[in-house]
Amino acid sequence: MRRFRKTYAFGLSAAMVMAMLATGNVSYAAGKVEKEETVYVTQESDGSVSEITVSDCLKNVGKNDVKDKSNLTNIENTKGDETYEQGSGDAITWKGNGEDIHYEGETSEKPPVSVAFTYELDGKEMKAEELAGKSGKLTITAEYKNKANYKDSLNGKDEELYVPFLMASVVVLPQDHFENVEVSQGKLVKEGDDQIAIAYAVPGLNIQFRVLRQA
């Protein structure tokens, strides 16, 4: 819940977190290591990015040395004491000791999926900063745009294809300010005095948080 709390400190105007999930394979001399990657993007109310943290997991298959590629900075092992050596370019080699490697780091690269937020109070579109102190039915809509496109041949024709991403949006809504919360394509989780709305989608679909705010 650390990420939720960090986001909540900004208030409603910056309470969105986008997570992009991707899996892949990293080759080394004797075979392959499965790599899972999650990108956490903390955003402002208008969708601008304030922080990006990348979390990686290398699922080892009993090898001592695990070759990987990463352009992250401030890399930190999050679940062990295994170390790595920097090679040429983005190449790094982890001293795996037969264990899975979990690490995270930071990146300045733009995410492949952008998110824009819109806010409507009683059907009227407003800016996030204009919502303070007001009451009514609030709808927050997150619209994703997939920028990771490429061209490939499909059924003998050149088609524009997109890399698939599973997106997650999170907003923390204190129960003393919000009631009758509905989440499309997700669920609502309660933690103490907070309600955590979690919604999932693939780019191209809208996510809406329907909220009635108390006076």
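For clarity, every value in this text was computed on a predicted model and none was experimentally measured. (Residues numbered from 1 in each chain as written. Predicted model: local features only at pLDDT ≥ 70, side-chain atom pairs only at ≥ 80, totals over all residues. Heavy atoms only, no water.)

Along its length, the chain carries one helix and 18 strands. By sequence separation, contacts in the chain at least 24 residues apart represent 59% of the contacts at least 6 residues apart. Surface exposure of the chain reaches about 12,300 Å², of which carbon and sulfur atoms provide 46%. (Helix = DSSP H or I, 4+ residues; strand = E, 2+ residues; numbered from the N terminus. Contact = heavy atoms within 4.5 Å. Areas by Shrake-Rupley, 256 points an atom, 1.4 Å probe, with all protein chains shown as cover.)

The next point concerns the packing of aromatic side chains. A ring pair, where both rings are aromatic, is described by two values, the distance of the centres and the angle of the planes. The full count for this structure, using the stated rule, is two aromatic pairs. Between Tyr-84 and Trp-94 the ring centres are 5.0 Å apart and the planes differ by 50 degrees, which places this aromatic pair in the tilted class. Here Tyr-84, found in strand E6 (residues 84-86), pairs with Trp-94, found in strand E7 (residues 91-95); they are ten residues apart in sequence, far enough to count as distant. With relative accessibility at 31%, the residue Tyr-84 sits in the partly exposed group. The class of Trp-94 is buried, set by a relative accessible area of 1%. Ring pairs connect the aromatic residues Tyr-84, Trp-94 and Tyr-103, which therefore count as one cluster. (Phe/Tyr/Trp six-rings, centres within 6.5 Å; stacked < 30°, edge-to-face > 60°. Buried < 20%, exposed > 50% of the residue type's maximum accessible area, 1.4 Å probe, protein only.)

On to the environment of Asp-158. Relative to the helices and strands, Asp-158 resides in strand E13 (residues 157-162). Taking the relative accessible area as the measure of exposure, Asp-158 reaches 70% and is therefore exposed. Excluding residues that lie within four positions of it along the chain, Asp-158 makes contacts with Asp-152 and Ser-153.

This next bit is on the sheet that holds strand E4 (residues 65-69). As summarised here, the arrangement of the three strands in space is E4-E7-E6, forming an open sheet in which the pairing is antiparallel. Across the chains shown, the open sheet's two edge strands, defined by having one partner strand only, are E4 and E6. Across the sheet, the axes of successive neighbouring strands diverge by a mean angle of 25 degrees, strand direction being ignored. Sheet analysis places E6 next to E7, joined by three bridges and oriented antiparallel. Among the inter-strand pairings, Glu-85 is bridged to a residue of E7, identified as Thr-93. (Pairing = 2+ DSSP bridges. Axes fitted to C-alpha atoms, helices over the stretch in contact; angles between N-to-C directions.)

Pairing analysis gives six bridges linking strand E3 (residues 49-59) to strand E8 (residues 101-106), with the strands arranged antiparallel. Bridged to Cys-57 within E8 is His-102. Bridge count between strand E5 (residues 73-77) and E8: three bridges; the pairing is antiparallel. Opposite Glu-76, over in E8, you have Glu-104 as the bridge partner.

When their charged atoms lie close together, side chains carrying opposite charge are able to pair. On inspection of all chains with the given rule, the structure shows three salt bridges. The salt bridge involving Asp-68 is made with Lys-35; its shortest N-O contact spans 3.0 Å. Taken as a pair, Asp-68 in strand E4 and Lys-35 in strand E2 (residues 31-43) lie far apart in primary sequence, 33 residues in all. Judged on exposure class, the residue Asp-68 and its partner Lys-35 are both buried. Here Lys-95 makes a salt bridge to Asp-65, at a shortest N to O gap of 3.6 Å. (Salt bridge = Lys/Arg side-chain N within 4 Å of Asp/Glu carboxyl O.)

Bear in mind that shape data such as this cannot, by itself, settle questions of function.
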